[in-house]
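Below, each chain spelled out in residue letters.
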Amino acid sequence: MVLTRTFELHTNANYDTHDITEQVAQHVRESGLQNGIVTVFTPSSTSALTTIEYEPGAISDFERLFDEIATPDREYRHNLRWNDGNGHSHIRASLVGPSLTIPFAEKELLLGEWQQIMYIDFDVRPRTRRVIVQILGE
Amino acid sequence: MVLTRTFELHTNANYDTHDITEQVAQHVRESGLQNGIVTVFTPSSTSALTTIEYEPGAISDFERLFDEIATPDREYRHNLRWNDGNGHSHIRASLVGPSLTIPFAEKELLLGEWQQIMYIDFDVRPRTRRVIVQILGE
Amino acid sequence: MVLTRTFELHTNANYDTHDITEQVAQHVRESGLQNGIVTVFTPSSTSALTTIEYEPGAISDFERLFDEIATPDREYRHNLRWNDGNGHSHIRASLVGPSLTIPFAEKELLLGEWQQIMYIDFDVRPRTRRVIVQILGE
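**Some words on the overall build of chain A**
- Helix and strand counts for chain A come out as four helices and eight strands.
- Here the C-alpha atoms of chain A give a radius of gyration of 16 Å, agreeing with the 14 Å that 2.2 N^0.38 yields for 138 residues.
- Overall, chain A is about 50 × 30 × 20 Å in size when its C-alpha atoms are taken along their principal axes.
- Scored against the burial criterion, the 138 residues of chain A give a buried share of 54%.

**Let's talk about the sheet that holds strand β6 (residues 108-109) of chain B**
Residue and element names in this part refer to chain B.
- Read across the open sheet, the five strands follow the order β1-β8-β3-β5-β6; overall the sheet is antiparallel. Looking along the sheet, the strands with just one partner apiece sit at the ends: β1 (2-11) and β6.
- As judged from the six bridges shared by strand β3 (residues 36-41) and strand β5 (residues 99-105), these two strands associate in the antiparallel manner. Looking at β5, one finds that V38 is bridged to I102.
- Here helix α1 (residues 21-30) sits on the sheet in contact with β1, β3, β5, β6 and β8 (127-137), set at roughly 40° to β8.

**Comments concerning the packing of helix α4 (residues 87-96) of chain B against helix α2 (residues 56-69) of chain C**
- Axis separation between α4(B) and α2(C) bottoms out at 9 Å; the angle between their running directions is 65°. Classified by the angle between their axes, α4(B) and α2(C) sit roughly perpendicular to one another. The hand of the α4(B)/α2(C) crossing is right-handed. Residue-level contacts link B:G87, B:H90, B:I91 and B:S94 of α4(B) to C:G57, C:A58, C:D61, C:F62 and C:L65 of α2(C).

**Some remarks on the relation of the copies chain C and chain B**
- When chain C is fitted to chain B, the best match, at an RMSD of 0.0 Å, comes from turning it 120° and sliding it 0.0 Å along the axis. Put plainly, the chains are arranged around a three-fold axis.
- Taken as a fraction of all interface residues of chain C, those also at the interface in chain B reach only 13%, which identifies the copy contact as different-surface.

**Overview of the environment of B:M1**
- Inspection of the secondary structure puts B:M1 in the segment before β1.
- Since 13 C-beta atoms lie within 10 Å of it, B:M1 is described here as partly exposed.
- For the pair formed by B:M1 and B:S31, sequence separation is 30 residues and the distance between their alpha carbons is 9.9 Å.
- Discounting residues that sit within four places of it in the chain, B:M1 has contacts with B:L33, B:G137, B:E138 and C:E138.

**Comments concerning the interface of chain B and chain A**
- At the junction of the two partners, chain B supplies 30 residues and chain A supplies 28 residues.
- Counting residues per element, the ones that place at least two in the side of chain B that touches chain A are β3, β4 (47-52), α2 (56-69), β5 and β8 of chain B.
- No other element matches the seven residues that α2(B) contributes to the side of chain B that touches chain A.
- Of the residues assigned to the side of chain B that touches chain A, the class counts are 15 nonpolar, 11 polar and four charged.

**Focus: the relation of the copies chain B and chain A**
- Rotating chain B by 120° about the axis while translating it 0.0 Å along that axis superimposes it on chain A, leaving an RMSD of 0.0 Å.
- Each copy contacts the other with its own distinct surface, as only 13% of the interface residues of chain B are interface residues in chain A too.

**A look at the interface of chain C and chain B**
- Across the contact, 30 residues belong to chain C and 28 residues belong to chain B.
- Split by residue class, the side of chain C that touches chain B holds 15 nonpolar, 11 polar and four charged.

**Some details on the sheet that holds strand β3 (residues 36-41) of chain C**
All names here are of chain C.
- Here we have five strands laid out as an open sheet, ordered β1-β8-β3-β5-β6, and antiparallel in their pairing. Both edges of this open sheet fall to β1 (2-11) and β6 (108-109), since each of them pairs with a single strand only.
- For strand β5 (residues 99-105) and β6, the ladder comprises two bridges, and the chain directions are antiparallel. Looking across to β6, one finds that A105 is bridged to E108.
- Contacting β1, β3, β5, β6 and β8 (127-137), helix α1 (residues 21-30) crosses the sheet at an angle of about 40° to β8.

**Observations concerning helix α4 (residues 87-96) of chain A**
Residues and elements named next belong to chain A.
- For α4, a buried count of 10 out of 10 residues is recorded, marking the element as mostly surrounded by other parts of the structure.
- Within α4 the residues assigned to the buried category are G87, H88, S89, H90, I91, R92, A93, S94, L95 and V96.
- Of the residues trailing α4, G97 is marked for its positive phi of about 100°.

Conventions used here
Residues numbered from 1 in each chain as written. Chains lettered and ligands numbered in written order. Predicted model: local features only at pLDDT ≥ 70, side-chain atom pairs only at ≥ 80, totals over all residues. Helix = DSSP H or I, 4+ residues; strand = E, 2+ residues; numbered from the N terminus. Rg over C-alpha atoms; globule rule 2.2 N^0.38 Å. Buried ≥ 20, exposed ≤ 12 C-beta atoms within 10 Å, placed from the backbone. Pairing = 2+ DSSP bridges. Contact = placed C-beta atoms within 7 Å. Axes fitted to C-alpha atoms, helices over the stretch in contact; angles between N-to-C directions. Parallel < 35°, antiparallel > 145°, perpendicular 65-115°, else oblique. Left-handed = near helix turned anticlockwise from the far one by under 90°. Least-squares fit on C-alpha atoms with pLDDT ≥ 70 in both. Nonpolar A, V, L, I, M, F, W, Y, C, P; charged D, E, K, R; others polar.

Next up, the structure:
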């Protein structure tokens, strides 16, 4: 059995992170399914999904990594072509990836105790984003 | 219901990228399934899969990132052992990852408007590659 | 049909890697399922999963990449808050990601000939870890 759900996020610019664990967990609980996988997917080329211990220190440390390996303060060929200033956003998003697959059992996500689902908007302006939550199971 | 499909790619060396969105979408449309997930997988340790806005600027910017954090122009222990010159290819592929899971609904991939599926061959010689497309759904 | 399995790993500190291909393959073979996907998931925020040609050279080259882009030898805000010294472990784990989805057919994982499943413990002390193997298929 397959259920496809979506929810919206209102994001700010420049590494705006969101803990979306509860939204995903709620869709799983309301699905009626007991066991399976949930695929969380961001249909965008400038945002990404991963897990993290969602506390300000780790979130900030992660941002520094991207500022160092993919700084906004240089030329990007994407920007030269499209002039939208988000060349660094694209490569950050491609590096982290748009999808996350998490198993669940007895209606609960099998995440670690200190592990949350993090949505990252790498883009350079506020957006209304759609997150897809697809639940497969029995 | 599960369908396992494969297709071939003829790749060139050194960050040869391919937009494989249409191949994957076609396998989904022909599967007869309405809703589910498609797992795209590269059975190789020197190639990887992600999504990107598939235009030359972003593709080139992404390559520069790998040239900076995993340049071919230095020693790699893999090369010292195997002498095949693709040590950087291996670590790039492991960083990006070999699999991508994308939900589909009403036979259509739920990708963003500017988001394509990118296959990257990081290896140092032309190859014939096999890409696995596995479709689960109902 | 969905099967959720787990196994334990005893890990050492600081980029302790494990080839878990055989454990995952065995769970698939014993599942009774012929075709499907297996999701391997680490319920932790300081460990990660990917694939690699599991030989000492590539494993060591991959470690050097993390030592360069996320060295332990600097300040991390996570450490300033929690004083547990594993700030670099968190961001490395978030970059690689906690999940891996691999198709199987006729009970066999569809991995490449030189491609193994690698568990990486990025944390700074030995741990007993749990790995989740969830098998969906028919």
